[in-house]
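# A structural walkthrough
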Amino acid sequence: MPYYRFNRSRLKTAYQPIVVAESPIVLVSLVLCNTDTSNRTFSIQHVPADEVESDEHDLFFDTQIRSKITQIIETPIFMGAGDQIIAKASIADKVAMTVYALDYDSFLQAPRFG
């Protein structure tokens, strides 16, 4: 089952690409870690292929993450080829982000529990 790990060591204050899908994939977990001693915020957008950053693509906007906390977001996000996940934080180099994904076909074939 092919899986992918996309890592951006630290978010900046301007949007930057975290994931650029080369083929259809499904994001299964987004992990954000605030390494600062102060609360910070982050914003994440899912930008479809051939489109640009815009508020209409917001998944999270100025969402607070408390100091010294890791936040895991587990929800399937389907991405077509060329789609991007872009992200930024309120202060540069204080929030780390890692994304885990499966290729689309593997996600469809994966066993479901519960």
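To start, this report covers the structure provided alongside it. (Residues numbered from 1 in each chain as written. Predicted model: local features only at pLDDT ≥ 70, side-chain atom pairs only at ≥ 80, totals over all residues. Heavy atoms only, no water.)

## Observations concerning the overall build of the protein chain
Convention followed: Per the convention used, a helix needs a DSSP run of H or I reaching at least four residues, while a strand needs a run of E reaching at least two, with both numbered from the N terminus. Values of the radius of gyration come from C-alpha atoms, whereas the globule rule sets the reference at 2.2 Å times the count of residues to the power 0.38. Three labels apply to residues, based on accessible area from a 1.4 Å probe with only protein chains included: buried if under 20% of the type maximum, exposed if over 50%, partly exposed otherwise in between.
Each helix and strand counted, the protein chain has one helix and nine strands in total. Listing each helix as α and each strand as β along the protein chain from the N terminus yields β-β-β-β-β-β-β-β-β-α. The C-alpha atoms of the protein chain give a radius of gyration of 14 Å, which matches the 13 Å a tight globule of 114 residues would have. Taking the principal axes of the C-alpha coordinates as reference, the protein chain spans close to 40 × 35 × 20 Å. For the protein chain, the residues scored as buried account for 39% of the 114 residues in total.

## Section: the packing of aromatic side chains
Our working rule: Under the pairing criterion, centres of Phe, Tyr and Trp rings, with the six-membered ring standing for Trp, must be within 6.5 Å; the plane angle then separates stacked pairs below 30 degrees from edge-to-face pairs above 60, leaving the rest tilted.
With the rule as written, the count across this model stands at three aromatic pairs. On the numbers, 5.9 Å between centres and 50° between planes, the contact of F42 with F60 is tilted. Linking F42 in strand β4 (residues 40-47) with F60 in strand β5 (residues 58-65), this pair joins segments that are 18 residues apart in sequence. Ring centres of F78 and Y104 lie 6.1 Å apart, and the angle between their planes is 70°; on these two criteria the pair is classed as edge-to-face. Of the two residues, F78 is situated in strand β7 (residues 77-79) and Y104 in helix α1 (residues 104-109); the sequence distance between them amounts to 26 residues. Overall, the relative accessible area of 44% leaves F78 in the partly exposed class. On the basis of relative accessible area, Y104 is assigned to the partly exposed category, the value being 33%.

## Topic: a negative patch on the surface
Cut-off, in case you're wondering: Patch criteria: residues need more than 30% relative accessible area and no salt bridge. Like-charged residues are merged within 9 Å; nonpolar side chains of Val, Leu, Ile, Met, Phe, Trp and Tyr are merged within 5 Å. In short, Shrake-Rupley with a 1.4 Å probe defines the accessible areas, and a residue's cover is counted only from the protein chains shown. Salt-bridge detection follows one rule: a side-chain nitrogen of Lys or Arg within 4 Å of a carboxyl oxygen of Asp or Glu. Asp and Glu are treated as the negative residues and Lys and Arg as the positive ones, with His and the ends of the chain left uncounted. For the purpose of locating charges, the reference atoms are NZ of Lys, CZ of Arg, CG of Asp and CD of Glu.
Side chains of D50, E51, E53, D55 and E56 sit close together on the surface and give a patch of like negative charge. By the element assignment, D55 lies in the loop between β4 and β5.

## So, the side chain of Q16
As a reminder of what qualifies: Counting of polar contacts relies on pairs of N or O atoms within 3.5 Å, with two restrictions inside protein: one atom must be capable of donating a hydrogen and the other of accepting it, and residues adjacent in sequence are counted only when both atoms are side-chain atoms. By definition, residues are in contact when any of their heavy atoms lie within 4.5 Å.
Mapped onto the fold, Q16 is located in strand β2 (residues 16-20). From its side chain, Q16 meets the backbone oxygen of R10 in a polar contact 3.4 Å long. Sequence-distant contacts of Q16, defined by excluding residues within four places in its chain, comprise R8, R10, L11, I85, I86 and A87.

## Side note on the sheet that holds strand β8 (residues 84-89)
Rules: Strand pairing follows a simple DSSP-based rule, namely that at least 2 bridges must link the two strands. Lines fitted to the C-alpha atoms define the axes, with helices restricted to the stretch that makes contact. Angles between their N-to-C directions range from 0 to 180 degrees.
Spatially, the four strands line up as an open sheet ordered β2-β8-β4-β5, and their pairing is antiparallel. Of all the strands in the sheet, the pair left with one neighbour each is β2 and β5. Across this sheet, the average inter-strand angle for adjacent strands is 20°, counted without regard to direction. With four bridges joining them, β2 and β8 adopt antiparallel strand pairing. Bridge pairing links P17 to I86 in β8.

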